Amino acid sequence: MAEAGFAEAAYVPWYGIYVPAATPAPLLAKINAAINKALQNPDVQRQLSLANIPGKPMSLDELAALMKADQQKLTTVIKTSGMALQ
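Predicted, not measured: the structure shown is a model, and the values here were computed from it.

(A) Spatial organisation of a nonpolar patch on the surface. Taken together, the side chains of V19, L27 and I31 make up a nonpolar region of the molecular surface, amounting to roughly 200 Å² of accessible area. With respect to the helices and strands, V19 occurs in the segment before α1 (25-39). Under the relative-accessibility criterion, V19 is labelled partly exposed at 35%.

Quick look at the structure:
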C-alpha cells in the first residue's frame with residue numbers, strides 16, 4: 001500500500017470479543033478479566049502463536065482507544081483514496 005501512495009494504510013489486524021451494547025458494566029468487567037486471564041495462559045498463548053494471532057491482554061478502555069484510532073486511520077485512507085464510504 002505504501003508503494004501505491006497510501007503509507008497510512010499500513011494495518012495490523014486484531015481480534016476482539018463483542019457483546020451487546022446494553023451489557024451491564026460489571027458483566028463487561030468480568031468478561032474482560034476472564035479473557036485477559038485466559039490470554040496469560042501459556043497453552044492459550046502457544047495456540048494463538050501457532051495461528052499467528054497475537055494475544056495481548058488489554059483493558060476495555062485500551063480496546064475502545066484502539067477501535068477509535070483504527071476507525072480514524074481507515075477513514076483517512078478511504079477519503080484519500082477516493083473510495084466511497086458505505
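(B) Region of the structure containing the pattern of salt bridges. For the structure on display, the rule yields 1 salt bridge. Residues R46 and D43 are paired through a salt bridge, measuring 2.2 Å at the closest nitrogen-oxygen approach. Here D43 and R46 lie together in helix α2 (residues 42-50), a separation of 3 residues that amounts to about one turn. According to the relative accessible area criterion, D43 is partly exposed, its value standing at 47%.

Rules behind the numbers
- Residues numbered from 1 in each chain as written.
- Predicted model: local features only at pLDDT ≥ 70, side-chain atom pairs only at ≥ 80, totals over all residues.
- Heavy atoms only, no water.
- Patch = residues over 30% accessible without salt bridge, like charges linked within 9 Å, V, L, I, M, F, W, Y side chains within 5 Å.
- Areas by Shrake-Rupley, 256 points an atom, 1.4 Å probe, with all protein chains shown as cover.
- Salt bridge = Lys/Arg side-chain N within 4 Å of Asp/Glu carboxyl O.
- Helix = DSSP H or I, 4+ residues; strand = E, 2+ residues; numbered from the N terminus.
- Buried < 20%, exposed > 50% of the residue type's maximum accessible area, 1.4 Å probe, protein only.

In short, geometric facts, not functional conclusions.
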